[in-house]
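Coordinate analysis (summary)
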Amino acid sequence: DSDGANPRAAFVLSGGILYGTASSGGDSGDGTIFAVNTTGTGFTVVHAFTGGDGASPVAGLILSGNTLYGTASGGGGSGSGTVFKVNTDGSGFTNLYSFTALVLNVNADGANPQAGLILSGNTLYGTTAGGGTNGTGTVFALNTNGTGFTTLHTFNFTTDGGDPYAGLILSGNTLYGTARDGGTNGYGTVFA
């Protein structure tokens, strides 16, 4: 399926064009970013992932101007996933950040992002479902030019939760989100 397969996320809409991700398929089988008119015509592959630039994009995209930003849950330099940007016409694909390799399921920055990003000014915020110093995910920030990656929080599972699969929202200077597992009762948390 050179056009992609198994889309799992919502679209982002610009004018009459829908932009989305397919978690598999494409020329290398690692997923695609695609565009299609709201009328169902004009389907195009904006980018086909190759593994080294990311793989398995399961989250939706965000749009700022003519630039799409997103995450890939796998691939990249170590197989732990990426943060990327690409112009809506398919040009300028850039791997902004490649999460580091896991050693016994842990690393410093997180791994396998399952959720999309949010943008505030020139800063992207997101979550990873795995990795971090406890192996149960992180909250991170990254500049839109790929600099300044910061791990804002590493989940400890027992008290604050773990495995955040959903994205974040921002109100003022506070990020809010959910963690799928862990917490004091073991069934997940809502965090700020």
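The structure contained in this document is the topic of the report that follows. Because the structure is predicted, anything quoted here is derived from the model rather than measured. (Residues numbered from 1 in each chain as written. Predicted model: local features only at pLDDT ≥ 70, side-chain atom pairs only at ≥ 80, totals over all residues. Heavy atoms only, no water.)

So, about the packing of aromatic side chains. Scanning the model with the defined rule gives 11 aromatic pairs in all. Seen in terms of ring centroids, Phe49 and Phe84 are 5.2 Å apart; in terms of plane orientation they differ by 65°. Their pairing is edge-to-face. Of this pair, Phe49 sits in the loop between strand 4 (44-48) and strand 5 (62-64) while Phe84 is found in strand 7 (residues 82-87), placing the two residues 35 residues apart along the sequence. For the pair Phe49 and Phe84, a shared accessibility class is recorded, and that class is buried. Considering the side-chain rings of Tyr97 and Phe99, the 5.1 Å spacing of their centres and the 80° angle between planes classify their relative orientation as edge-to-face. The same class applies to Tyr97 and to Phe99, which are both buried. An aromatic cluster is built from Tyr97, Phe99, Phe140 and Phe149, whose rings are joined through pairwise contacts. Positioned above the aromatic ring of Tyr165, the side-chain terminus of Arg180 is 4.2 Å from the ring centre. (Phe/Tyr/Trp six-rings, centres within 6.5 Å; stacked < 30°, edge-to-face > 60°. Helix = DSSP H or I, 4+ residues; strand = E, 2+ residues; numbered from the N terminus. Buried < 20%, exposed > 50% of the residue type's maximum accessible area, 1.4 Å probe, protein only. Lys NZ or Arg CZ within 6 Å of the ring centre and 35° of its normal.)

Let us now look at unusual backbone geometry. In this structure, Leu104 is a non-glycine residue whose phi angle is positive, near 55°. Here Leu104 lies in the loop between strand 8 (94-98) and strand 9 (118-120). Note on Leu104: relative accessible area 81%, which makes it exposed. A positive phi angle is found at Phe157, which is not glycine, with a value near 75°. Relative to the assigned elements, Phe157 resides in the loop between strand 12 (150-154) and strand 13 (169-171). You can call Phe157 partly exposed: its relative accessible area is 32%.

All right, on to the nonpolar core then. Membership of the largest hydrophobic core is limited to 11 residues, which are Val12, Tyr19, Ile33, Ala35, Val46, Phe49, Leu61, Leu68, Ala72, Phe84 and Val86. Looking at this core, the elements that each hand over two or more residues are strand 3 (32-37), strand 6 (67-72) and strand 7. The contact partners of Val12, leaving out residues within four places of it in the chain, are Ile17, Leu18, Tyr19, Leu61, Leu63 and Leu68. Core analysis: the second largest hydrophobic core is formed by 10 residues, Ile62, Tyr69, Leu117 and Leu124 among them. (Core = buried A, V, L, I, M, F, W, Y, C linked by side-chain atoms within 4.5 Å. Contact = heavy atoms within 4.5 Å.)

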